[in-house]
Amino acid sequence: SNRVCTALATCDFATQYESTAKGNKRDRVCSPLTTCDFATQYESTAKTDTSNRICSALTTCDYSTQYQSTAKTNTSNRVCTALTTCDGSTHWISTAKTQTTNRACTAHTTCTATQHQTRDGTLQLDRTCQDNTVCEGDEYETQAPTATSDRTCMSHTTCAADQWESREDGTHHD
């Protein structure tokens, strides 16, 4: 008997790929392309006329320890990066973390020699400093400043008309 020839199957490459190539004694096989669910997947390998696309699961960031440093696209995975950890004894969180940005840590303000600390630095708040009080010409220092307390000053005693100055005033006494 005579051979019978049949037209080859034609793949619609918008929705199919050629999963089996034609041969002398077989038809090509067209298979449906995988459809990625872009809410939970990305296309990790693109389709070709002779291969299916590959969909891979999107990475899920743990937002308690990570932030999304690179957003997902239909053809790329999101990237999760570890959050910076601030040491509250030396730094405070100057910029809070979000799901897509890292937190920023800033060194606590250092009080100068002419200042005292009014609030200790914590993880959430910077240290605050205030200039020490300067005793004026008619005042004397009753308490020296410390790292955490201000200087206190008191006005010199003014002698009355019926009194005399038996000790000269000073910077640390009346």
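The structure under discussion appears in the preceding block.
What comes next is a walk through the structure. (Residues numbered from 1 in each chain as written. Predicted model: local features only at pLDDT ≥ 70, side-chain atom pairs only at ≥ 80, totals over all residues. Heavy atoms only, no water.)

**Here we look at the state of the cysteines**
Simply put, disulfide is the name for a covalent bond between the sulfur atoms of two cysteines.
Point 1. For the structure on display, the rule yields 6 disulfides.
Point 2. With a sulfur-sulfur separation of 1.7 Å, Cys86 is cross-linked through a disulfide to Cys105. Handedness here is read from the sign of the S-S torsion; for Cys86 and Cys105, about -85 degrees, the answer is left-handed. With Cys86 in the loop between strand 6 (79-82) and strand 7 (91-95) and Cys105 in strand 8 (residues 104-107), the pair connects residues that are 19 residues apart, well separated along the chain.
Point 3. Cys135 shares a disulfide with Cys153; S-S distance 2.0 Å. (Disulfide = S-S within 2.5 Å. Helix = DSSP H or I, 4+ residues; strand = E, 2+ residues; numbered from the N terminus.)

**Focus on the side chain of Gln115**
Point 1. Examined against the element boundaries, Gln115 turns out to sit in strand 9 (residues 115-119).
Point 2. A polar side-chain atom of Gln115 sits 3.0 Å from the main-chain amide nitrogen of Thr112.
Point 3. Only 3.2 Å separates the side chain of Gln115 from the side chain of Asp131, close enough to count as a polar contact.
Point 4. In this structure, Gln115 is in contact with Thr110, Cys129, Gln130, Asp131 and Asn132, ignoring residues within four places of it in sequence. (Polar contact = N/O pair within 3.5 Å; in protein donor to acceptor, adjacent residues only side chain to side chain. Contact = heavy atoms within 4.5 Å.)

**Topic: the pattern of salt bridges**
Point 1. Using the criterion set out here, one finds 3 salt bridges in the structure.
Point 2. Put simply, Arg28 and Glu18 hold a salt bridge, and the shortest N to O gap is 2.7 Å. Of this pair, Arg28 sits in the loop between strand 1 (16-20) and strand 2 (29-32) while Glu18 sits in strand 1, placing them 10 residues apart in sequence.
Point 3. By relative accessible area, which is 22% here, Arg28 ends up partly exposed.
Point 4. A relative accessible area of 15% places Glu18 in the buried class.
Point 5. For Glu141, the salt bridge is made with Arg151, and the minimal N-O distance between the two is 2.5 Å. With Glu141 in strand 11 (residues 139-143) and Arg151 in the loop between strand 11 and strand 12 (152-155), this residue pair connects regions lying 10 residues apart in the sequence.
Point 6. Overall, Glu141 belongs to the buried group, its relative accessible area being 13%.
Point 7. Look at Arg151 and you get partly exposed, because its relative accessible area is 22%. (Salt bridge = Lys/Arg side-chain N within 4 Å of Asp/Glu carboxyl O. Buried < 20%, exposed > 50% of the residue type's maximum accessible area, 1.4 Å probe, protein only.)

**A look at the side chain of His116**
Point 1. Mapped onto the fold, His116 is located in strand 9.
Point 2. In terms of polar contacts, His116 uses its side chain to reach the side chain of Asn132, at 2.7 Å.
Point 3. In this view, His116 contacts Cys111, Thr128, Cys129, Gln130, Asp131, Asn132, Thr146, Ala147, Thr148, Ser149 and Asp150; residues no more than four positions away in its chain are not counted.

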